[in-house]
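Architecture and fold: a report
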Amino acid sequence: MPYLAKILLYPVKSLDGVEVDKARVLASGALQNDREFAIFDEENRFVNSKRHAKISLLRAQFALLNRTISLHIPGGDSQQIFHLDKERQALDTTMSDFFEFAVRLRQNSLMGFPDDTDSPGPTVISTATLAEVASWFPGLTVDEMRRRMRANIEIDGVPAFWEDRLFSKQGDLVSFRVGDVDFFGVNPCQRCIVPTRDSYLGKAYPNFQKIFATQRQATLPNWVASSRFNHFYRLSVNTQLPQSSAGKILQIGDELDIFVQ
């Protein structure tokens, strides 16, 4: 039986995640505390892993209940702790010093800052998929692949690429439920440059995207329509959540059921 094995939230877009036992669904369909904050430059552009590999060198820990972030700056002797609501200016100054240009933290407590604003629900992947994909790259661990893919919900009790069942051949939404939370599976997530880089150092793995696409095509389950893949650099599933799921709680151990199409 498929079940919810991990929930990962990323309070500040592109920084480290935090593993939690449960998460609350917002009215937008996003998970509370996920990508609630993002870093922007003076031209109102994201300062993220796609544009600035240096961000991988920042280590962050979060105390969600206390609303604090602990940052370890490379070369620094200790962590610096900031309240995300009350010490925003000091945090902006510290990050600006690190990047060597002015940045500021912005907040969106309603939906966060998802890559896909049309499908802001949690991204879904299986533990077996992460293990399989990690095996394509000598030297990469499952945890490192997890850090690179940055999915919110990890499903266990299923084989690799099982989550590809959560989008349809025709492109229609697939209805499924995790615990008592209803979801719509939308499409396989298009990956960016981020998975190609070491999540701690920002260094690129040689030919990562080419190897990935070749292996993804070769291992694509025969029950998945390749028409959903205009290219094979796709992994995990984007979701939307209906209004009826707002306020509900996802919890580790919840079982996943797909509604018959």
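Scroll up to find the structure this text is about.
Residues numbered from 1 in each chain as written. Predicted model: local features only at pLDDT ≥ 70, side-chain atom pairs only at ≥ 80, totals over all residues. Heavy atoms only, no water.

Moving on, we get to the pattern of salt bridges. In this structure the tally under the stated criterion is 18 salt bridges. For K50, the salt bridge goes to D115, with nearest N and O atoms at 3.6 Å. Taken together, the residues span a long stretch of sequence, with K50 in the loop between strand 4 (37-41) and strand 5 (59-63) and D115 in the loop between strand 8 (103-107) and strand 9 (124-126) at a distance of 65 residues. For K50, a relative accessible area of 37% corresponds to the partly exposed category. Taking the shortest distance from any N to any O, the salt bridge between E144 and R148 comes out at 2.7 Å. Taken together, the residues E144 and R148, both in helix 3 (residues 142-149) and four residues apart, mark about one turn of the helix. (Salt bridge = Lys/Arg side-chain N within 4 Å of Asp/Glu carboxyl O. Helix = DSSP H or I, 4+ residues; strand = E, 2+ residues; numbered from the N terminus. Buried < 20%, exposed > 50% of the residue type's maximum accessible area, 1.4 Å probe, protein only.)

Attention shifts here to unusual backbone geometry. In this model, N44 sits at a positive phi of 65°, which is unusual for a non-glycine residue. By secondary structure assignment, the location of N44 is in the loop between strand 4 and strand 5. Phi is positive for F161, which is not a glycine, with a value near 70°. Looking at where F161 falls in the secondary structure, it is placed in the loop between strand 10 (153-156) and strand 11 (174-178).

Sheet strands pair by backbone hydrogen bonding; their relative direction is either parallel or antiparallel. Pairing within the open sheet is antiparallel, and its three strands lie in the order 5-6-7. Since the sheet does not close on itself, it has two edges, and those belong to strand 5 and strand 7 (80-83), each with one partner. Each strand axis lies, on average, 25° off the axis of its neighbour in the sheet, ignoring direction. Helix-sheet contacts for helix 1 (residues 88-99) involve strand 6 (68-72) and strand 7, and the interaxial angle to strand 7 is about 140°. (Pairing = 2+ DSSP bridges. Axes fitted to C-alpha atoms, helices over the stretch in contact; angles between N-to-C directions. Contact = heavy atoms within 4.5 Å.)

Keep in mind these values describe shape, not function.
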